[in-house]
Amino acid sequence: MENLSSHSLSGTTKNFIDKVVSEENGRAGALLAILQRVQESHARKFLPRETLEYISQRASVPLSRLFSVVTFYALFNLEPQGRNTVCVCRGTACHTRGSSRLLEQVMMDLGLRAKEDGESDKLTATTDDGETTLRTVACFGQCALAPVVEVNHVIFGHMNERSLQRELEALSKREARP
Amino acid sequence: MSQQVSVRIDGELCTAAEGQTIYEVAQANGRSIPALCHMEGLSSAGACRLCLVEVAGIGRLLPACTTPVNTGMSVTTESENLAHHRVMALELLFVERNHICSVCVSNGHCELQALAQKLGVTHVRYPYNYPRLSVDTSHPRFVLDHNRCILCSRCVRVCDEIEGAHVWDIAARGINSMLVSDLDRPWGESENCTSCGKCVQACPTGALVEKGRAVEEMTKRNVVVTTLAAKRDAHP
Ligand code: SF4
Ligand code: FES
Ligand code: FES
């Protein structure tokens, strides 16, 4: 299958994938490890189509199987992710403590709109400038701290509109710097 | 020679080989358990939940197609409780997509429809989802209509296990699950598809069909798949 469009991948990316595949192949859970390491190595933390095609060739995994795996696990992204990630918990504990209002606030603040397909309980959206990705999860396991918002993988508990505002402002200040 | 085990199926004592599934043993002993995702010659998926049976001493229903028999097992394949669950499983399949038999090319030759008739499903008690789904007509000879797909994965398995191409798989999960070819590309663009048509023959509904068929015209030949699988077993 020489003619799959892996031509747009750089030599370094290909070498990296070759290395990861040879290290992981044969181990239990190899495919997940390969996908995770390759996604992590991408500046925008996602798996472009060409990358998946190349992995499919090198690891001898059918394309549809790959697609099935990356769409099953929320961990994998098929779209470029923002430089910052804000994750609002929509679990029961956080919901009863007003997480829907926090979510609305972040969406307004970032200028994001809920998708129309009624899938508002699970959301991933990135601002047009590629700066920030907003996600929701169904519980961080930190319910005692409800409502919980995670900003760039740091957990913030007992959030209210004001403290959330502060974190978002801190983010945009960070962005402003070169 | 594999170990022999004895099991009771609806009270009748049956001998089976170790590793056989309840479904296989029941069938070998003249019982027919309803099934949609099961297909002779393919691996079992346990996707449709139509083949649920009762096993004495186990508090929940088990899928016959994926449960191996054990010595001393006592299985019930027909009961009021099972009938209730099987009807419910069918109703849930119906509400999930848009199954409009009267305009379907497979009307009269559909396993979902036939099973619903056999189990006496005259109406559906749950609200329909009416999802908006696409129809993939990009393949020169075949069509995939997601509206009629029950996600049984027979096409996925026949393409992988018999043809060796693995064009199909099921993407996402739960209510968002969807049959995809390659990286969710139009079927006609698939580099791996050999156009063998086995997925069409294996599909229990009108989801995968030949082009150019009018309503009620699409008949399927499951036996093609089963025969191929048997031949393959004979010449490994
Ligand atoms: S297309 Fe047909 S065979 Fe394939 S998963 Fe859907 S119903 Fe089953
Ligand atoms: S519900 Fe939000 S952390 Fe558990
Ligand atoms: S036939 Fe057993 S679950 Fe479908």
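Heads up: the structure comes first, above all this text.
If you're wondering where the values come from, they're calculated on a predicted model, not measured in any experiment.

The rules behind these values
- Residues numbered from 1 in each chain as written.
- Chains lettered and ligands numbered in written order.
- Predicted model: local features only at pLDDT ≥ 70, side-chain atom pairs only at ≥ 80, totals over all residues.
- Heavy atoms only, no water.
- Salt bridge = Lys/Arg side-chain N within 4 Å of Asp/Glu carboxyl O.
- Helix = DSSP H or I, 4+ residues; strand = E, 2+ residues; numbered from the N terminus.
- Buried < 20%, exposed > 50% of the residue type's maximum accessible area, 1.4 Å probe, protein only.
- Pairing = 2+ DSSP bridges.

Undergrad: Could you give me a rundown of the pattern of salt bridges, with the residues and numbers involved?
TA: All names here are of chain B. One pass over the structure, following the stated rule, counts 17 salt bridges over all chains. Between Arg31 and Glu12 there is a salt bridge, with the nearest N and O atoms lying 3.6 Å from each other. With Arg31 in the loop between helix H1 (22-28) and strand E3 (52-55) and Glu12 in strand E2 (residues 12-17), this residue pair connects regions lying 19 residues apart in the sequence. The partly exposed category is assigned to Arg31, whose relative accessible area is 28%. Here Glu12 falls in the partly exposed class, since its relative accessible area comes to 35%. Residues Glu210 and Arg213 are paired through a salt bridge, measuring 2.4 Å at the closest nitrogen-oxygen approach. On the accessibility criterion, Arg213 (34% relative accessible area) is partly exposed.

Undergrad: Residue-level account of the sheet that holds strand E7 (residues 142-145) of chain B, with values.
TA: Paired through their backbone hydrogen bonds, the strands of a sheet run either parallel or antiparallel. Residues and elements named next belong to chain B. In space, the three strands of this open sheet follow the order E6-E7-E10, with antiparallel pairing throughout. Two strands bound the open sheet, and with one partner strand each, they are strand E6 (135-136) and strand E10 (208-210). Inspection of the sheet shows E7 paired to E10 by three bridges, in the antiparallel sense. Bridging across to E10, Leu144 finds its partner in Leu208.

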